[in-house]
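Chain residues, written in single-letter form:
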Amino acid sequence: MSVILSGKNVEVQEKECDTILEVARDAASAHTATDWHWVTERGCIFEALPSSVGPLVACSQPEFVKHRSAWPLSRKTCDIIFASSLKNLVVELLGREACIFNDQYIIKPPHAGELSAFPWHQDSNWLRECDVEVQPYLSAWIALDDMMEDMMLTIPAGTLVIMSSTLMHSSLPNISNHLRRAWMPQFSARPIVNCKTGVPLALAVLLINEGS
Ligand SMILES: O=C(O)CCC(=O)C(=O)O
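Residues numbered from 1 in each chain as written. Predicted model: local features only at pLDDT ≥ 70, side-chain atom pairs only at ≥ 80, totals over all residues.

K.L.:
Which residues make up the pairing of strand E3 (residues 99-102), and what are the values?
P.N.:
Pairing of E3 with strand E10 (residues 186-188), which is carried by three bridges, proceeds in the antiparallel orientation. Considered in E10, the bridge of Asn102 is made with Gln186. As judged from the two bridges shared by E3 and strand E11 (residues 205-206), these two strands associate in the antiparallel manner. Bridge pairing in E11 places Cys99 opposite Leu206. (Pairing = 2+ DSSP bridges. Helix = DSSP H or I, 4+ residues; strand = E, 2+ residues; numbered from the N terminus.)

Laid out in structure tokens, this is it:
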């Protein structure tokens, strides 16, 4: 566990997270700032790109960057994914074929209670039901708010926790007065694709674009 995002990059991610939340709030027709029910109903998880982006965006670095730089998302996040100490660490751990596999925020509303707790699980559980050749992957959970003990851990914003996808873990509810935001991109050692069709299960964008 160490601080990986500078204050400036924490701000970039906080702003993107808040914009995604606002857009999702409008789509959910939740009109009051104190109504958070719709957030816990979707498991407190917000994907940066919709799963409907299609295989081209999911596989090609230039296409991914183009879509991931357009409103409501931030171009600066692409620099964090593809050119930062986070990327260097991921390549060190997973090798030069490392890909971004998922790109998501965990947003826990204030006083969300048990509905915002994550029970014991392995991140890779859902792959068991998919027709894929599983590749090792890891989750890079990065705090976007200073977290006190009542939120889980006492850590400053920007702190990274790296977890293998097979690590059993859980988290407590947010019982604080504050929104509790984390960015949690996941990275695989190689593309994770459907065994029969070769279509990526989620994202399969190489961090190192050998062609560039
Ligand atoms: O942010 C948290 O509380 C935990 C998130 C988590 O465990 C997950 O998304 O797998």
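Okay, back to it.
K.L.:
I'd like a rundown of the environment of Pro173, residues and numbers included.
P.N.:
Structurally, Pro173 is set in the loop between strand E8 (169-171) and strand E9 (180-183). In sequence terms Pro173 and Glu47 are 126 residues apart; their C-alpha atoms lie 20 Å from each other. Leave out the neighbours within four places in its chain, and Pro173 touches Ala112, Gly113, Glu114, Ser116 and Ala117. (Contact = placed C-beta atoms within 7 Å.)

K.L.:
Describe the nonpolar core, and please don't skip the residues or the numbers.
P.N.:
Judged by nonpolar contacts, the single largest core of 40 residues is most densely connected at Cys99, Ile100, Phe101, Ile142, Ala182, Phe187 and Leu203. When residues of this core are assigned to their parent elements, the largest contribution, six residues, is made by strand E6 (residues 137-143). Ala182 has contacts with Tyr105, Ile106, Trp141, Ile142, Ala143 and Leu144, leaving out every residue within four places of it along the chain. (Core = buried A, V, L, I, M, F, W, Y, C linked by C-beta atoms within 7 Å. Buried ≥ 20, exposed ≤ 12 C-beta atoms within 10 Å, placed from the backbone.)

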